[in-house]
Amino acid sequence: MIVGTLKGFDQTINLILDESHERVYSSQQGVEQVVLGLYIIRGDNVAVVGEIDDEADKQVDYVNIRAEPLNPVQH
Amino acid sequence: MLFYSFFKSLVGKDVVVELKNDLSVCGTLHSVDQFLNIKLTEISVTDPDKYPHMLSVKNCFIRGSVVRYVQLPADECDTQLLQDAARKEAVQNKKR
């Protein structure tokens, strides 16, 4: 999943995300954050756009979360 | 257009959306559009231990193309009415 500031979008859900970083979940180690910068994401690849609640995000302990990565979308 | 109208009538109700990547999200239906994109508020994931990815998200937008199922309580839907309306629409589309 990719976290960033939503700068723009269009009808096909193409997205412009600024200051973005990818959160990689793993069942072996804590969440890895990979810095990306300014990204344009093609809408075909978007499943969910979630609004992050900053208060809730602070409560989450990303170092100790263990989880399988999300499955790919299968049509 | 039929199911777009159907979902519009469900705005405000609690539903569970199962996605094609197996994630299930429970929330209140806020809005829907012509592509059956769904906006949910006050979401909670059905299995938060398996899917902690959405812990900091309260509201979300779900692209229509990734929805597998929208689960709703039986009393929110008149199945007979929906079936008849869908049949009529199918006939209309076939004629066009």
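Residues numbered from 1 in each chain as written. Chains lettered and ligands numbered in written order. Predicted model: local features only at pLDDT ≥ 70, side-chain atom pairs only at ≥ 80, totals over all residues. Heavy atoms only, no water.

To keep it simple, the criterion reads: UniProt positions are given in the numbering used here, feature names are shortened, and annotations may be inferred rather than shown by experiment.
Naming follows an unreviewed UniProt entry, where chain B appears as U6 snRNA-associated Sm-like protein LSm2 of Lingula anatina. Check the Function (unreviewed entry) section of the UniProt entry for chain B; it says "Binds specifically to the 3'-terminal U-tract of U6 snRNA." Recorded in UniProt under Subcellular location (unreviewed entry), the annotation for chain B is "Nucleus".

If you look chain A up in an unreviewed UniProt entry, it shows as U6 snRNA-associated Sm-like protein LSm8 from Lingula anatina. According to the UniProt record, the Subcellular location (unreviewed entry) comment for chain A reads "Nucleus". Comment text from UniProt for chain A, heading Sequence similarities (unreviewed entry), reads "Belongs to the snRNP Sm proteins family."

Description of the interface of chain A and chain B
Our working rule: Contacts between residues were defined by any pair of non-hydrogen atoms, one from each residue, lying within 4.5 Å. Summed over both partners, buried area is the accessible surface (1.4 Å probe) that two parts give up on being assembled. Any carboxyl oxygen of Asp or Glu that lies within 4 Å of a side-chain nitrogen of Lys or Arg is treated as forming a salt bridge with it. The secondary structure listing takes helices from DSSP runs of H or I that are at least 4 residues long and strands from runs of E that are at least 2 residues long, numbered from the N terminus.
If you look at the interface, chain A gives 30 residues, while chain B gives 23 residues. Summed over the three residues of chain A that lose the most area to chain B, namely A:V48, A:L70 and A:N71, the buried surface amounts to 23% of that side. Put simply, chain A and chain B have 0 salt bridges between them. Top contributing element to the side of chain A that touches chain B by residue count: strand β4 (residues 48–52) of chain A, with 5 residues.

A look at the sheet that holds strand β3 (residues 32–41) of chain A
All names here are of chain A. The condition that has to hold: Pairing between strands requires that DSSP locate at least two bridges from one strand to the other. Convention adopted: a line fitted to C-alpha atoms gives each axis, helices being fitted over their contacting stretch, and angles between N-to-C directions are expressed from 0 to 180 degrees.
Spatially, β1-β2-β3 is the arrangement adopted by the 3 strands of the open sheet, whose pairing is antiparallel. Strands at the two margins of the open sheet, each flanked by one partner only, are β1 (2–9) and β3. Taking each pair of neighbouring strands and ignoring which way they run, the sheet shows an average axis angle of 15°. The pairing of β1 with strand β2 (residues 15–24) spans 6 bridges and is antiparallel. Bridged to I2 within β2 is E22.

Description of the nonpolar core
Within soluble globular proteins, side chains that are nonpolar tend to cluster in buried spots. Let me state the cut-off plainly: In this description, a nonpolar core means a group of buried Ala, Val, Leu, Ile, Met, Phe, Trp, Tyr and Cys residues linked to one another through side-chain atoms lying within 4.5 Å. We call a residue buried when its accessible area falls under 20% of the maximum for its residue type, exposed when it is over 50%, and partly exposed in between, using a 1.4 Å probe and counting protein chains only.
Counting residues in each nonpolar core, the largest one holds 26 residues, and the members touching the most others are B:V17, B:L19, B:L23, B:I38, B:L40, B:I43 and B:I62. Of all the secondary structure elements, the ones that give two or more residues to this core are α1 (2–8), β1 (14–19), β2 (24–32), β3 (38–45) and β4 (57–62) of chain B. Not counting chain neighbours up to four residues away, the residues in contact with B:L40 comprise B:V15, B:V17, B:V25, B:G27, B:T28, B:L29, B:H30, B:K58, B:N59, B:C60 and B:I62. By size, the runner-up hydrophobic cluster in this structure holds 6 residues, among which are A:Y25, A:V31, A:V60 and A:A67.

Topic: the sheet that holds β1(B)
Backbone hydrogen bonds hold the strands of a sheet together, and the pairing may be parallel or antiparallel. The antiparallel open sheet is built from 6 strands, whose spatial order is β4(A)-β4(B)-β3(B)-β2(B)-β1(B)-β5(B). Edge positions in the sheet fall to β4 of chain A together with β5 (67–71) of chain B, since each of these pairs with one other strand and no more. Neighbour-to-neighbour, the strand axes of this sheet turn through a mean angle of 35°, independent of strand direction. Judged from the 6 bridges that link them, β2(B) and β3(B) form a sheet pairing that is antiparallel.

Remarks on the packing of aromatic side chains
All names here are of chain B. So the rule is basically this: Within 6.5 Å between ring centres, the rings of Phe, Tyr and Trp (the latter by its six-membered ring) count as paired, and their orientation is classed by plane angle as stacked under 30 degrees, edge-to-face over 60, tilted in between.
Summed over the entire model, instances satisfying the criterion amount to 2 aromatic pairs over all chains. Aromatic side chains F3 and F6 sit 6.2 Å apart centroid to centroid with 85° between the ring planes, which places their arrangement in the edge-to-face category. Taken as a pair, F3 and F6 lie in helix α1 at a separation of 3 residues, close to a single helical turn. Its relative accessible area of 39% is what places F3 among the partly exposed residues. Its relative accessible area of 14% is what places F6 among the buried residues. Centroid distance F6 to F7: 5.6 Å. Interplanar angle 50°. Geometry classified as tilted. Residue classification places F7 among the buried residues on the basis of a relative accessible area of 11%.

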